[in-house]
Amino acid sequence: MFDCIIIGAGPAGAAAGYHLAKKGRSVLVLDKTGFPRYKPCGGGVSPAIGKWFDFDFTPAVENTVTRVRFTWKQGDPVTTDLTVAEPMWMVRRDRFDDFLCQRAIEAGATIKDKTEVTGIDFRGDRWEVKTAGETFSGKYLIAADGVTGNAARWLGLNLKSEALGATLEITTPVSGDRLRTAEFDFGSLKNGYIWTFPKPDGYTISGGCFKGKIKSEELKKQLLDYAARSGLNTAEYRYTEYPLLLWKDNATLHAKNALIAGEAAGIVDPLIGEGVRPSILTGVKAAEAIDRALAGDTQALARYSQIIREEWGEDMALAGKLAGMFYQFPQIAYKVAVKRPVSGQLMGRILAGELRYRDVTEWAIAQLKKRLLPGFG
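Source: prediction; values computed, not measured. (Residues numbered from 1 in each chain as written. Predicted model: local features only at pLDDT ≥ 70, side-chain atom pairs only at ≥ 80, totals over all residues. Heavy atoms only, no water.)

Things to note about the overall build of the protein chain
Stage number 1. Each helix and strand counted, the protein chain has nine helices and 18 strands in total.
Stage number 2. Taking 377 residues into account, the globule formula puts the C-alpha radius of gyration at 21 Å, and the protein chain, at 21 Å, falls close to it.
Stage number 3. For the protein chain, the spread of C-alpha atoms along the three principal axes comes to 60 × 50 × 40 Å.
Stage number 4. Here the protein chain holds 377 residues, and the buried ones make up 56% of them.
Stage number 5. Contacts in the protein chain between residues at least 24 apart in sequence constitute 73% of all its contacts with a sequence separation of at least 6.
Stage number 6. Of the roughly 15800 Å² of accessible surface on the protein chain, a fraction of 47% belongs to carbon and sulfur atoms.
Stage number 7. Between the averaged position of the 50 positive side-chain charges in the protein chain and that of its 44 negative side-chain charges there is a distance of 5 Å. (Helix = DSSP H or I, 4+ residues; strand = E, 2+ residues; numbered from the N terminus. Rg over C-alpha atoms; globule rule 2.2 N^0.38 Å. Buried < 20%, exposed > 50% of the residue type's maximum accessible area, 1.4 Å probe, protein only. Contact = heavy atoms within 4.5 Å. Areas by Shrake-Rupley, 256 points an atom, 1.4 Å probe, with all protein chains shown as cover. Lys, Arg positive; Asp, Glu negative; His and termini not counted. Charge placed at Lys NZ, Arg CZ, Asp CG, Glu CD.)

Dropping the structure here:
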């Protein structure tokens, strides 16, 4: 019997597996796909994750971004150099996720890919996790199988998906300043954002609609039109859609001897779409909670829900307020907030993990209200 079974070997599951194994716990990580595997994702990762590990991520980083170019419907640009301690990382998720899995294996975790979990059952003092081939037993369980996984629903903690995201990948050589510049566009996609992340062999254009609804075919058309207007050849591309699960206030992320981590926990940033860093955060905190529970702390799992609410959820609630104002009045928001030099620096520091939304939300909302409500302030 394992101390902990983790369903899902993405950033959250691999991070949890690594840290539990480092603490001497027996860990089994199960994933239905074979690794390395393709994962649609913009690929921007905050270097802040490095402080949670004792190894170097350099082998998993494709290139780094040192500036962000903001636009309004691809015009009226403003470029901000990121004056942060370390540039934002650009990664490809197949390599990045596999890199994390290999570090977990080296630490002592057992990872079985191509192993789909078909059901779970709590019996007495353990979880029975069923696959097509065999059944595994574990004292504790971490559900980290993503938005479309079943584990959270099986635990009775299913959270409703609220948004639609997509990535458009175009292969073309990228070099020079363009390789060091990420682009963030307002207005081209109604009620949402468009990021363009450079890699040495092409661009990943990532879009998400967080307010209202958008049809699948319309989202695809908007991203293709955006790419064409950017001068990219769209004759050949890879397009993938996926649901995005946003944070819900007072979300419960624990059940009987079990936790939810990663995107299954609804940790995606509703303003800029960041998902990898918070996924890893939940994986690290889940490992800490399981380790304490195994040591006899009966309140460790309940505290995990509280810790995630305090360390990430409260910021996501503030990000949601900002997103509501940005996407309701996007042109005014762009002119009043984004185009100001200080705003680009603040955004860069948030992306790098040096600032949190609680540090800037009051100022940003005040700037917007001054324009939206005559006489405010």
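From this point, the discussion proceeds with the structure in view.
Observations concerning the packing of helix H1 (residues 11-22) against helix H2 (residues 93-107)
Stage number 1. Here H1 crosses H2 at 20°, and the two axes come no closer than 8 Å. Relative to H2, the element H1 lies roughly parallel. Our pair here, H1 against H2, has a crossing hand that is left-handed. Seen from H1, the contacting residues are Pro 11, Ala 14, Gly 17, Tyr 18, Ala 21 and Lys 22; seen from H2, they are Arg 93, Asp 97, Leu 100, Cys 101, Arg 103, Ala 104 and Ala 107.
Stage number 2. Residue classes in the contact of H1 with H2 are distributed as eight nonpolar, one polar and four charged. (Axes fitted to C-alpha atoms, helices over the stretch in contact; angles between N-to-C directions. Parallel < 35°, antiparallel > 145°, perpendicular 65-115°, else oblique. Left-handed = near helix turned anticlockwise from the far one by under 90°. Nonpolar A, V, L, I, M, F, W, Y, C, P; charged D, E, K, R; others polar.)

Some details on unusual backbone geometry
Stage number 1. Looking along the chain, the bond that leaves Phe 35 and enters Pro 36 is cis, with omega of -5°.
Stage number 2. By the secondary structure assignment, Pro 36 is in the loop between strand E2 (27-30) and strand E3 (44-45).
Stage number 3. For Gln 74, which is not glycine, the phi torsion reads 65° and is therefore positive.
Stage number 4. Of note, Gln 74 is situated in the loop between strand E5 (67-72) and strand E6 (75-81).
Stage number 5. Positive phi values are uncommon outside glycine, yet Asn 257 reaches one of about 55°.

Structural notes on the nonpolar core
Stage number 1. Core analysis: the largest hydrophobic core is formed by 115 residues, its most contacted members being Phe 96 and Ile 142.
Stage number 2. Apart from the residues within four sequence positions on either side, Phe 96 is in contact with Val 45, Ile 49, Phe 57, Ala 60, Val 91, Val 276 and Ile 280.
Stage number 3. Residues Ile 194, Tyr 203, Ala 227 and Leu 232 belong to the second largest nonpolar core, which totals 17 residues. (Core = buried A, V, L, I, M, F, W, Y, C linked by side-chain atoms within 4.5 Å.)

Brief notes about the side chain of Asp 3
Stage number 1. Here Asp 3 lies in strand E1 (residues 2-7).
Stage number 2. Dropping the residues within four chain positions of it, Asp 3 is found in contact with Arg 25, Ser 26, Lys 139, Tyr 140 and Leu 294.

Notes on the packing of helix H6 (residues 300-328) against helix H7 (residues 330-338)
Stage number 1. Running from N to C, H6 and H7 point in directions that differ by 115°, and their axes come no closer than 5 Å. In this structure, H6 uses Phe 326, Tyr 327 and Gln 328 to contact H7, whose residues at the interface are Pro 330, Ala 333, Ala 337 and Val 338.

A closer look at the confidence of the model for the protein chain
Interpreting fine coordinate detail is not advised for predicted regions of low pLDDT.
Stage number 1. The pLDDT averaged across the protein chain works out to 90; a share of 97% of its residues lies at or above 70.
Stage number 2. Across residues 373-377, where pLDDT falls below 50, the model places three contacts with residues more than four positions away in sequence or in other chains. (pLDDT = per-residue confidence, 0-100.)

So, the packing of aromatic side chains
Stage number 1. Applying the stated criterion to the full structure yields 17 aromatic pairs.
Stage number 2. The interplanar angle of 85° and the centroid separation of 5.2 Å between the aromatic rings of Tyr 18 and Phe 55 together place this pair among those described as edge-to-face. Here Tyr 18, found in helix H1, pairs with Phe 55, found in the loop between E3 and strand E4 (63-65); they are 37 residues apart in sequence, far enough to count as distant. Note on accessibility: Tyr 18 and Phe 55 belong to one class, buried.
Stage number 3. Ring plane angle 45° and centroid distance 5.0 Å describe the contact between Phe 55 and Phe 57, whose orientation is recorded as tilted. Accessibility assignment for this pair places Phe 55 and Phe 57 in one class, buried.
Stage number 4. The ring of Phe 99 carries the charged tip of Arg 103 above its face, separated from the ring centre by 4.5 Å.
Stage number 5. The ring of Tyr 38 has Arg 238 sitting right over it, with the charged end atom 3.4 Å from the ring centre. (Phe/Tyr/Trp six-rings, centres within 6.5 Å; stacked < 30°, edge-to-face > 60°. Lys NZ or Arg CZ within 6 Å of the ring centre and 35° of its normal.)

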